[in-house]
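Fold and geometry: a report
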Amino acid sequence: MLPYQSLTEPFEADAYLKRWLDLERKVSAKGFTWATLYENYEDNQYMSDSLLVVPPSLVREVENASRAVNDIFAKTHEQILKDRSIIHKTGISVFLWDLLLAENKTAFSYFVRYDFIASANGLKVLEGNTDTPVGLVEAAVAQDVLCQEHRSTNPNAQIGANIKNAWNQIIRDYNIGSTDTLYFTCADWHDEDKQTVRYLMSLYPQQAKYVPLEEIVVGEEDVQTQEGERIDFLYRLYPLEYFLEEKSGTGELIGERFIVHMMNDKVKVINPPSALLMQSKAILSLITEKKQEWYTRSEQAIIDQYFLPTYDTASSLQSYVKKPVLGREGGGIQIVSDGNVLDEDVDYYQNQSVVFQEYFPMPDQTIDTWDGPYTGKLLIGSHVINGQPSGLFFRVGGMITGNLSMFVAYTTR
């Protein structure tokens, strides 16, 4: 368990809540507006005001692991393009296969978050959030405010600069001209996604406009705004597979039409389609299955060090985590230890194909909350932006890390 700093000690409920509400106003003014989340008919605390004190050696280890894991994902993407028949294992709709396998000159993803468990038994990556990763505003904006409140160093101070570098790389890779507009979109009702999009857009160095996903016009020939402006370049914080379900008010399959426009290069999206391919958790089972065939000896050593064995069936595992291949926010996950179900979610993603990952317990972590000290399970998110480790994002919650697992900032001293 990591040590942590408290702003309210000893704990007294009224004093704690008063200070927390003042802190909420400060982070909200900076763009982090979901310090509480409304679910199950009540407000839930999402932001803790504690500050984890993380050894610099652990931060360096996670950064090194993130770089190595990202390299394995990039190599895996290259191998899939060489052995295209294997895409059927990903669980992604066949309608998207040609799009996902198209040759391009971009990175497989520019904005990624890898989730790690760090314990006395080592450091292991659980999955890569390569398509639509969030947690950036927490790691960049709220983290900075919390470190200032605690009068501590912010180890994530480089995130903004790394995002700017990523945009410059994207401009080159996508050949975005100085007079071109990059449109940014997400579901307009989703506050977390909207503020994340606006944060990313604030760091883009050329012309940019926000367009709500609901207002994008998918025509027969191209994609436009409601004002008739053609959208040639689009950053979307919206899962690519969700587009297949989108219909117009009259029932037209506008999502499928949008995908066709992408295939025909009439609209170029960021993250690129390959980001969805690598989002599938079947990538983890492919890494296990193809370890000897696809990777060099040094890459195999990285896989042994940081990846958990993952399979298409549970036959070789007594303790495992069953994961839907395209599940999100902990949906559909089941944790089994020595044949006993420790936790499971049965509300979401029950119709997807699944993989079985060797169970690796998360360490306990205590933080301050409205109700006093809370001890949950610690998960480390590591943002990799344009291939560079760019800051950590810690969450504390249940055995299954869902959207109500609490964000907690960190420092190294």
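Summary of the structure given here. (Residues numbered from 1 in each chain as written. Predicted model: local features only at pLDDT ≥ 70, side-chain atom pairs only at ≥ 80, totals over all residues. Heavy atoms only, no water.)

A look at the pattern of salt bridges
All told, the structure shown has 24 salt bridges when counted by the stated rule. The partner of glutamate 149 in a salt bridge is arginine 19, with the nearest N and O atoms 3.6 Å apart. With glutamate 149 in helix H4 (residues 136-149) and arginine 19 in helix H1 (residues 13-29), this pair connects stretches of sequence that are 130 residues apart. Overall, the relative accessible area of 34% leaves arginine 19 in the partly exposed class. Where arginine 328 meets glutamate 241, a salt bridge forms, and the shortest distance between an N and an O atom there is 3.2 Å. Pair noted here: arginine 328 is in the loop between strand E14 (320-324) and strand E15 (334-337) and glutamate 241 is in the loop between strand E11 (233-236) and helix H7 (254-263), with a separation of 87 residues, a long-range link. Like arginine 328, the residue glutamate 241 is buried in the burial classification. Each of Arg19, Asp22, Arg25, Lys26 and Glu149 takes part in salt bridges that share partners, so that together they form one network. (Salt bridge = Lys/Arg side-chain N within 4 Å of Asp/Glu carboxyl O. Helix = DSSP H or I, 4+ residues; strand = E, 2+ residues; numbered from the N terminus. Buried < 20%, exposed > 50% of the residue type's maximum accessible area, 1.4 Å probe, protein only.)

With respect to the sheet that holds E11
Across the sheet, which stays open at both edges, the four strands sit in the order E8-E7-E11-E12 with parallel pairing between neighbours. The open sheet terminates on both sides in strands that have one partner only, identified here as strand E8 (208-210) and strand E12 (268-270). Strand-to-strand twist in this sheet, taken as the mean axis angle between neighbours without regard to direction, amounts to 25°. As paired elements, strand E7 (residues 182-185) and E11 share four bridges and run parallel to each other. The partner of tyrosine 183 across the bridge, within E11, is leucine 234. In the packing of helix H6 (residues 191-202) onto the sheet, the strands contacted are E7, E8 and E11, and the crossing angle to E8 comes to about 170°. (Pairing = 2+ DSSP bridges. Axes fitted to C-alpha atoms, helices over the stretch in contact; angles between N-to-C directions. Contact = heavy atoms within 4.5 Å.)

Comments concerning the nonpolar core
Of all hydrophobic cores here, the largest spans 71 residues; its most connected members are Phe73, Phe258, Phe307 and Phe394. The biggest single contributor to this core is helix H2 (residues 56-82), with 10 residues. Apart from the residues lying within four places of it in its own chain, the contact partners of phenylalanine 394 are Leu2, Leu52, Val54, Leu378, Leu379, Ile380, Met406, Phe407, Val408 and Tyr410. With 49 residues, the next largest nonpolar core counts Trp34, Phe111, Ala140 and Tyr174 among its residues. (Core = buried A, V, L, I, M, F, W, Y, C linked by side-chain atoms within 4.5 Å.)

As for the sheet that holds E15
If you trace the five strands from one edge of the open sheet to the other, you get E13-E17-E14-E15-E16, paired in antiparallel fashion. Each of the sheet's edge strands pairs with one partner strand only, and the pair in question is strand E13 (310-311) and strand E16 (340-344). As judged from the four bridges shared by E15 and E16, these two strands associate in the antiparallel manner. Within E16, the position partnered with isoleucine 335 by the bridge is aspartate 343.

Let's talk about helix H5 (residues 159-174)
If you check H5, its first and last C-alpha atoms are 22 Å apart, about what 16 residues at 1.5 Å a residue would give, namely 22 Å. Ile159, Gly160, Asn162, Ile163, Ala166, Trp167, Ile170, Ile171 and Tyr174 are the residues of H5 that are buried. Of the residues trailing H5, asparagine 175 is marked for its positive phi of about 55°. (Expected span 1.5 Å × (residues − 1).)

Regarding H1
Taking 1.5 Å of rise per residue, 17 residues should cover 24 Å, and H1 covers 24 Å from first to last C-alpha, within 8% of that figure. Tyr16, Trp20, Leu23 and Val27 are the residues of H1 that are buried. Across the axial projection of H1, the buried residues extend over an arc of 65°, all falling on one side. In H1, those exposed residues whose orientation departs by more than 90 degrees from the buried face are Asp14, Lys18, Arg25 and Ala29. Each element contacted by the buried residues of H1 is listed here: strand E2 (36-39), strand E3 (42-45), strand E4 (47-53) and H4. Looking at the residues trailing H1, positive phi occurs at glycine 31, about 110°. (Arc of directions from axis to C-beta.)

A short note on the pairing of E4
Judged by how many residues are buried, E4 sits mostly within the fold: six of seven residues are covered. Here two bridges tie strand E1 (residues 4-5) to E4, and the two strands are oriented antiparallel to one another. The partner of glutamine 5 across the bridge, within E4, is leucine 51. Of the pairings in the sheet, the one linking E4 to strand E21 (residues 406-411) comprises four bridges and is parallel in character.

Things to note about the packing of H2 against helix H11 (residues 297-306)
At a closest axis distance of 10 Å, the pairing of H2 and H11 adopts a crossing angle of 120°. In terms of axis orientation, H2 runs oblique to H11. H11 is crossed by H2, and the crossing has left-handed handedness. Residues Ala65, Ala68, Val69, Ile72 and Lys75 of H2 lie in contact with H11, whose contacting residues are Glu299, Ile302, Ile303 and Tyr306. Classifying every residue of the contact of H2 with H11 by side-chain character gives seven nonpolar, no polar and two charged. (Parallel < 35°, antiparallel > 145°, perpendicular 65-115°, else oblique. Left-handed = near helix turned anticlockwise from the far one by under 90°. Nonpolar A, V, L, I, M, F, W, Y, C, P; charged D, E, K, R; others polar.)

Focus: unusual backbone geometry
For residues that are not glycine, phi is negative in most cases, and the peptide bond is trans in most cases. Geometrically, the link from isoleucine 270 to asparagine 271 is a cis peptide bond, its omega value of -10° lying close to zero. Among the secondary structure elements, asparagine 271 is positioned in the loop between E12 and helix H8 (274-279). You will see that aspartate 338, though not glycine, has its phi angle at about 50°, which is positive. Topologically, aspartate 338 is positioned in the loop between E15 and E16. Even without a glycine there, the phi angle at asparagine 386 is positive, about 55°.

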